Amino acid sequence: MTANRQIVLAQLPGGDHLGTQHFRLNQAMTAAPGEGEVLLKILYVSLDAANRAWMQGATYRSAIEAGDVMAGGALAEVVESKAAHLAPGDLVFADTGWQEYAVLPAKRLAKIPRIEPLTHLLSVYGVAGLTAYFGLLECGQPKAGETVVVSAAAGSVGSLVGQIAKIKGCRTVGIAGGEAKCKLLVEQLGFDAAVDYKSQNVRKALREAAPNGVDVYFDNVGGDILEAALFNMNTHGRIACCGAVSQYDGAAPPHGPRGVPGLIVTKRLNLRGFIVNDFDDQQEQALKDLQAWVADGSLKVPEDVLEGLESLPAALVGLLAGENVGKRMVKVA
Ligand SMILES: NC(=O)c1ccc[n+]([C@@H]2O[C@H](COP(=O)([O-])OP(=O)(O)OC[C@H]3O[C@@H](n4cnc5c(N)ncnc54)[C@H](OP(=O)(O)O)[C@@H]3O)[C@@H](O)[C@H]2O)c1
């Protein structure tokens, strides 16, 4: 038995904003792994906007219920293995939940290469990087010279989307909250322009930032920002529907974006929703490209690493409030 501290979702937030009061710390004991299982030591927990969406009900995964160890993906190290394909010291990315140790069936776990810094395995070589890569290149189909707009642009997925669009020769516009984030996008990450959705009229500001119209919109947020993008799309534009973070936390919005479906019809838009795992069979090439861009300096990897298991609840609440720049994670061990 291994002593194990866990963060439990004590209460579902319902239509309220998520707060640290919805969580509690739990002391537990974790049993040794059985046949076909592994004991994992969690190194870094990934903070994802989707963690909040999972509290709203079942989606591409089952809903989180009150009393559950909070769900979440993590980079973890195998401590003890009763499975032939994994050995102590191997690294895996797994849905371990927010705890120090987890015992999981090894069947669906794959060893991942130990690339330094390890944090990159959660950011650019993890879900965020692959989501940016496939969402933009497969769903958005950008061509050199076109204009690409991305929302939540200073976040983990968005910051990579904008830079990959730039690598592909596109004009790149980011939408983010606040002057500091907008400045960072342009001055440090090479975006051509940025729109501050907290202080500007997004529809009008986008028209100025994308004078030739928008060919590809990578949507991380939904709601009013999707509406503003719809009005600025060019005929035959593509929208990669990645997420809807504006609608994960708090009460449901009073109405959906205007222009649906009218603008989709008249502009012949192609909206495509995706989940990163849809492209698992193309991961090898994606990781090769991402590694090459990081190595030659064309892709910067903003990361936001916090410390300690007990900081997880505040880290997620803060992510939803826009505290983070780049990939937020918590170092647990
Ligand atoms: N389809 C997939 O397979 C897949 C995989 C991974 C992630 N995703 C999606 O990707 C998006 C980004 O998620 P992430 O986990 O990487 O988080 P993130 O972008 O690192 O952080 C979330 C950001 O969202 C912004 N935000 C919060 N509330 C907002 C609002 N009301 N309106 C506009 N922006 C708001 C905040 O930045 P500001 O300061 O700019 O507000 C915050 O920093 C999410 O929609 C997520 O569901 C999808």
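Data block above holds the structure.
As the structure is a computational prediction, the values presented were derived from the model and not from experiment.

Colleague: How should I be thinking about the site of the ligand in this particular structure?
Modeller: Around the ligand there are 29 residues in total, and S156, K181, Y197, Y248 and N324 lie nearest to it. Backbone polar atom of G177 to an oxygen atom of the ligand: 2.8 Å apart, as the coordinates give it. One of the side-chain N or O atoms of N324 is found 2.6 Å from an oxygen atom in the ligand. A total of 900 Å² of accessible area belongs to the ligand in isolation, and the protein chains cover 91% of it. Of all the secondary-structure elements, those providing two or more residues to the shell around the ligand are α2 (127-140), α3 (156-167) and α9 (312-320). Looking at the shell around the ligand residue by residue, the classes come out as 17 nonpolar, ten polar and two charged.

Colleague: I would appreciate a short explanation of the packing of helix α5 (residues 202-209) against helix α6 (residues 223-232) in the present structure.
Modeller: For any two helices packed against each other, the geometry comes down to the angle between their axes and how far apart the axes lie. Across the interface, α5 lies against α6 with an axial gap of 9 Å and an inter-helix angle of 45°. One finds that α5 runs oblique with respect to α6. Every pair of crossing elements has a handedness; the one defined by α5 and α6 is right-handed. Counted together, V202, R203, L206 and R207 of α5 and A228, A229, F231 and N232 of α6 form the full contact between these two elements. Looking at the contact of α5 with α6 residue by residue, the classes come out as five nonpolar, one polar and two charged.

Colleague: Would you take a moment to explain empty space enclosed by the protein for this structure?
Modeller: To locate leftover empty space, one rolls a probe as large as a water molecule over the atoms. Under the criterion given, the structure shown has one cavity of 30 Å³ or more. In this structure, the largest cavity spans a volume of roughly 40 Å³. Lining of the largest cavity is provided by S123, V124, A128, S156, S159, L160, V301, P302 and K327. A per-class count over the lining of the largest cavity returns five nonpolar, three polar and one charged.

Colleague: Sorry, what's going on with the pattern of salt bridges here?
Modeller: Side-chain pairs of opposite charge can arise where the charged atoms are in close proximity. One pass over the structure, following the stated rule, counts twelve salt bridges. The partner of E310 in a salt bridge is R5, and the shortest N-O contact between them spans 2.8 Å. Of this pair, E310 sits in the loop between β13 (303-307) and α9 while R5 sits in strand β1 (residues 2-9), and the two are 305 residues apart along the sequence. Looking at R5, the relative accessible area reads 23%, which means it is partly exposed.

Colleague: When you look at α3 in this model, what are you seeing that I'm missing?
Modeller: Note: α-helices contain 3.6 residues per turn, so residues at a spacing of three or four share the same orientation. Between the first and last C-alpha of α3 there are 17 Å, a value that for twelve residues agrees with the 16 Å anticipated at 1.5 Å per step. Burial analysis of α3 places ten of its twelve residues in the buried class, which makes it a mostly covered element. For α3, the complete set of buried residues consists of S156, V157, G158, S159, L160, V161, G162, Q163, I164 and A165. Note on α3: the residue one or two positions beyond its end, G169, has a positive phi of about 85°.

Colleague: What exactly am I supposed to notice about the pairing of strand β8 (residues 171-176) here?
Modeller: In regular strands, side chains alternate between the two faces of the sheet. In terms of burial, β8 is a largely internal element, five of the six residues being buried. Looking at chain direction, strand β7 (residues 147-151) and β8 are connected through five bridges and run parallel. Following the sheet pairing, V148 is matched in β8 by T172. After leaving β7, the chain enters α3 and then returns to the sheet as β8, a path that is right-handed. Strand direction decides the pairing type here: β8 and strand β9 (residues 193-196), joined by four bridges, are parallel. Paired with A176 across the two strands is D196, which belongs to β9.

Definitions and cut-offs
- Residues numbered from 1 in each chain as written.
- Predicted model: local features only at pLDDT ≥ 70, side-chain atom pairs only at ≥ 80, totals over all residues.
- Heavy atoms only, no water.
- Near = heavy atom within 4 Å.
- Polar contact = N/O pair within 3.5 Å; in protein donor to acceptor, adjacent residues only side chain to side chain.
- Areas by Shrake-Rupley, 256 points an atom, 1.4 Å probe, with all protein chains shown as cover.
- Helix = DSSP H or I, 4+ residues; strand = E, 2+ residues; numbered from the N terminus.
- Nonpolar A, V, L, I, M, F, W, Y, C, P; charged D, E, K, R; others polar.
- Axes fitted to C-alpha atoms, helices over the stretch in contact; angles between N-to-C directions.
- Parallel < 35°, antiparallel > 145°, perpendicular 65-115°, else oblique.
- Left-handed = near helix turned anticlockwise from the far one by under 90°.
- Contact = heavy atoms within 4.5 Å.
- 1 Å grid on protein atoms, 1.4 Å probe; cavity = no way out; pocket = protein on both sides within 12 Å on 5 of 7 lines; lining within 4 Å.
- Points joined across faces, edges and corners; volume = space filled by probe spheres on them.
- Salt bridge = Lys/Arg side-chain N within 4 Å of Asp/Glu carboxyl O.
- Buried < 20%, exposed > 50% of the residue type's maximum accessible area, 1.4 Å probe, protein only.
- Expected span 1.5 Å × (residues − 1).
- Pairing = 2+ DSSP bridges.
- Right-handed = clockwise from strand over helix to strand, strands pointing away.

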